[in-house]
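# Examination of the molecular architecture
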Amino acid sequence: MTRAVRAGLESDEVTGAVVPPIHLSSTYAFKGYGEKRTYDYSRSANPTRDLLGNALADLEQGAGGVVTASGMGAVNLVGHLLKAGDRLVRAARLYGGTYRLFSAWQRRGELQVEFIDYGDAVALQAALSTPSAMVWVETTSNPMLRTQ
């Protein structure tokens, strides 16, 4: 069987269910006072979401997977991997939400953000000649549907 068919199956060690259950609980009980279990609150972690992340990592042959509620949640998460003052090189044309988030971080002085026309080879080479913590690349930009 393929990885896609087997991902997550027979993973419920508590019940032995072949198809994993969907955990709808928002909160999880502690073992005792101050004794947190693997899960305590679904916004921070959830067995269903972890199972999906692990299945995706397995399909992509990655070390791990993180699942977010939205694309902008993922953008925000990755952006917070940077330290204050880090330099981020990004395309001049991005999805509007990404553009606004990066612009806000720049305005507040949290990151040094350089906006580059990735179609201009000279400008891109100049931008990449200076060390950067991250180079941000997106697929087709919205709403102009231009590639970087």
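Details of the structure are given in the entry above.
Quick look at the structure, then. (Residues numbered from 1 in each chain as written. Predicted model: local features only at pLDDT ≥ 70, side-chain atom pairs only at ≥ 80, totals over all residues. Heavy atoms only, no water.)

The helix and strand inventory of the protein stands at five helices and three strands. A compact globule built from 148 residues should have a C-alpha radius of gyration of about 15 Å, whereas the protein, at 20 Å, is more than 25% larger. With the principal axes as the frame, the protein shows a C-alpha extent of 60 × 45 × 30 Å. Sequence separation of 24 or more characterises 54% of the internal contacts of the protein that already satisfy a separation of 6 or more. (Helix = DSSP H or I, 4+ residues; strand = E, 2+ residues; numbered from the N terminus. Rg over C-alpha atoms; globule rule 2.2 N^0.38 Å. Contact = heavy atoms within 4.5 Å.)

This paragraph deals with the pattern of salt bridges. Counted under the stated rule, the structure contains two salt bridges. Of the charged contacts in the structure, one is a salt bridge between Glu114 and Arg87, with a shortest N-O distance of 2.2 Å. Here Arg87 lies in strand β1 (residues 87–91) and Glu114 lies in strand β2 (residues 112–116), a separation of 27 residues in the sequence. (Salt bridge = Lys/Arg side-chain N within 4 Å of Asp/Glu carboxyl O.)

Turning our eyes to something else, we now look at a nonpolar patch on the surface. Nonpolar side chains collect at one region of the surface, where Leu52, Leu56 and Leu59 lie side by side and expose about 240 Å² of accessible area between them. Following the sequence through the fold, Leu59 ends up in helix α2 (residues 47–60). (Patch = residues over 30% accessible without salt bridge, like charges linked within 9 Å, V, L, I, M, F, W, Y side chains within 5 Å. Areas by Shrake-Rupley, 256 points an atom, 1.4 Å probe, with all protein chains shown as cover.)

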